Amino acid sequence: MTPPELVSPRLRLLPLAVDDAELLLPVYADPEVTEYFEDKYTEIEGVRHAVKQRLARDVPPGMGTWLIQFDDTIIGHAHLWTARNPAGIVEIGWTIGKAHWGKGIATEAARAVIEHGFRRLGVPAIFAIVHRDNAASLRVAQKLGFIAVGEQEHHNAPHVMLVTLPDQTGSLDHIELRVDDLAAAESSLGWLLTELGWVPDARWPDGLSWRYGQLSVVVRAVAVNHFPEAGTEAETQGEAEADTRGEQEAKPVAVHRDVLALSVGDSTRVSELTTALAERGWQLIAIDHAPDGDGLSRQVAQLETPEGLAIELVGAAGPEELLEGFGPGSA
């Protein structure tokens, strides 16, 4: 299955096709580029064989090999696929022509593939398997946030195993459900979530939560304001009474039952986005701190969109709070 085209600020990543060998020949023909390749193809027939091998791999949907295009020229390729050794892990790789080394192109191309893997395909982790002596690729992996986790023989040579995990910024942080009867919700919804593998997470006087990996479901007890339907006698009477209360009195605000909460980074990012959204007509309801299952307090901005949707922006605990308890004399 053909992977989708990817785009970054300087590059286009195009799905590899069977007729692309000629485009890659200048890259493969340079012995410095293929120094750490197990098979070194310097002639067109060899490159065609390499292309066919890549296209013949059995890969999950959305994965495969991309040509890297820079200034309308093909300068290399990158891939994302399930590895054969170790079997099953998702592996990334990149190859760039020597004329474009040192320009950050390998990093940019690999980052586009990584974002595709995490954000569109939802893979839990991405590995890079780099020859132990390939200092340039190891530097690229370091820039991309990869962490070395060991070494193994790969293609009859020692290779470093590196891994990176998804950045949670922009992901769904939690779903909040607001109910009248917290005990009843814990008994009913709590049973279902537990049956499905969710685990109890945090509890406070008016709420509790369950967690499944990075996502949590929060249930909070809220007294909901009920307003009469439009056009009823009660509404007409209410409008008449409102005319006598003065223009400065605040209007009642309905309490939202359901809230969409998004992870945005840290408290600084919460403040930046809150200011930007206010300029776009969003209403700031409150900024507060909420506990998580580890006892850390996260900053939460509660907002309402112009259409009346309830949104929360969640900022992770800062470094000072994460280090709290690890000072001198701590257990």
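Residues numbered from 1 in each chain as written. Predicted model: local features only at pLDDT ≥ 70, side-chain atom pairs only at ≥ 80, totals over all residues. Heavy atoms only, no water.

Caption draft 1: Structural detail: the overall build of the chain. Helix and strand counts for the chain come out as eight helices and 16 strands. Looking at the chain residue by residue over its 331 residues, the buried ones come to 39%. For the chain, long-range pairs separated by at least 24 residues make up 58% of all intrachain contacts whose partners lie at least 6 apart in sequence. Surface accessibility of the chain: about 19,300 Å² in total, with carbon and sulfur atoms responsible for 54%. (Helix = DSSP H or I, 4+ residues; strand = E, 2+ residues; numbered from the N terminus. Buried < 20%, exposed > 50% of the residue type's maximum accessible area, 1.4 Å probe, protein only. Contact = heavy atoms within 4.5 Å. Areas by Shrake-Rupley, 256 points an atom, 1.4 Å probe, with all protein chains shown as cover.)

Caption draft 2: Representation of the pattern of salt bridges. A complete count under the given rule lists 14 salt bridges for this structure. As a salt-bridge pair, Glu-312 and Arg-178 come within 3.7 Å of each other at their nearest N and O atoms. A residue pair is termed long-range when its members are at least 10 positions apart, and Glu-312 in strand β16 (residues 310-316) and Arg-178 in strand β9 (residues 172-179) qualify at 134 residues. For Glu-312, a relative accessible area of 4% gives the class buried. The class for Arg-178 is buried, based on a relative accessible area of 14%. (Salt bridge = Lys/Arg side-chain N within 4 Å of Asp/Glu carboxyl O.)

Caption draft 3: Seen up close, the confidence of the model for the chain. For the chain, the mean per-residue pLDDT works out to 84, and 83% of the residues sit at or above 70. Taken as a whole, residues 319-331 scores under 50 in pLDDT and shows five contacts with residues more than four places along the chain or in a different chain. (pLDDT = per-residue confidence, 0-100.)

Caption draft 4: Structural view of the pairing of strand β3 (residues 64-70). Where burial is concerned, most of β3 is hidden: seven out of the seven residues are buried. In this sheet, β3 lies alongside strand β2 (residues 11-15) in antiparallel orientation, the contact comprising five bridges. From the neighbouring strand, Leu-14 faces β3, where its bridge partner is Leu-67. As defined by bridge partners, β3 adjoins strand β4 (residues 73-84) across seven bridges and the pair is classed as antiparallel. From the neighbouring strand, Gln-69 faces β4, where its bridge partner is Ile-74. In sequence, β3 turns back onto β4 through a hairpin of two residues, with Asp-71 there showing a positive phi of about 50 degrees. (Pairing = 2+ DSSP bridges.)

Caption draft 5: Examining the environment of Ala-78 more closely. One can find Ala-78 in strand β4. When the C-alpha atoms of Ala-78 and Trp-94 are compared, they prove to be 4.1 Å apart, with 16 residues separating the residues in sequence. Discounting residues that sit within four places of it in the chain, Ala-78 has contacts with Gly-64, Thr-65, Trp-66, Ile-68, Gly-93, Trp-94 and Val-113.

Caption draft 6: Structural detail: the side chain of Thr-305. For Thr-305, the position within the fold is in the loop between β15 (297-304) and β16. Excluding its chain neighbours within four sequence positions, the residues that come into contact with Thr-305 are Trp-282 and Ile-311.

Caption draft 7: Looking closely at the sheet that holds strand β5 (residues 87-96). Ordered in space as β1-β2-β3-β4-β5-β6-β8-β7, the eight strands form an open sheet in which the pairing is mixed. The two strands at the open ends of the sheet, each matched to only one other strand, are β1 (6-7) and β7 (147-154). Summarising the sheet, β4 and β5 pair through eight bridges and their orientation is antiparallel. Residue pairing for β5: Trp-81 is matched across the bridge by Glu-91. Of the strands in this sheet, β1, β2, β3, β4, β5, β6 (126-131) and β8 (157-164) touch helix α3 (residues 105-120), which is tilted by about 150 degrees from β5. (Axes fitted to C-alpha atoms, helices over the stretch in contact; angles between N-to-C directions.)

Caption draft 8: Just unusual backbone geometry, in detail. Backbone torsion omega between Asn-85 and Pro-86 reads 0 degrees, so that peptide bond is classified as cis. Locating Pro-86 in the fold gives a position in the loop between β4 and β5. Residues other than glycine seldom take positive phi values, yet Asp-72 does so here, at roughly 65 degrees. By secondary structure assignment, the location of Asp-72 is in the loop between β3 and β4. The class for Asp-72 is exposed, based on a relative accessible area of 70%. Backbone geometry places Asn-156, a non-glycine residue, at a positive phi of 65 degrees. Secondary-structure assignment places Asn-156 in the loop between β7 and β8. Owing to a relative accessible area of 71%, Asn-156 belongs among the exposed residues under this scheme.

Caption draft 9: Up close: the packing of helix α1 (residues 21-28) against helix α2 (residues 44-56). Where α1 contacts α2, the axes come no closer than 9 Å and their chain directions differ by 110 degrees. Viewed along their axes, α1 and α2 adopt a mutual orientation that is roughly perpendicular. Crossing geometry of α1 relative to α2 is assigned as right-handed. Between α1, through Ala-21, Glu-22, Leu-24, Leu-25 and Tyr-28, and α2, the contact on the second element is made entirely by Ile-44, Val-47, Arg-48, Ala-50, Val-51 and Arg-54. The residue inventory of the contact of α1 with α2, partitioned by class, reads eight nonpolar, no polar and three charged. (Parallel < 35°, antiparallel > 145°, perpendicular 65-115°, else oblique. Left-handed = near helix turned anticlockwise from the far one by under 90°. Nonpolar A, V, L, I, M, F, W, Y, C, P; charged D, E, K, R; others polar.)

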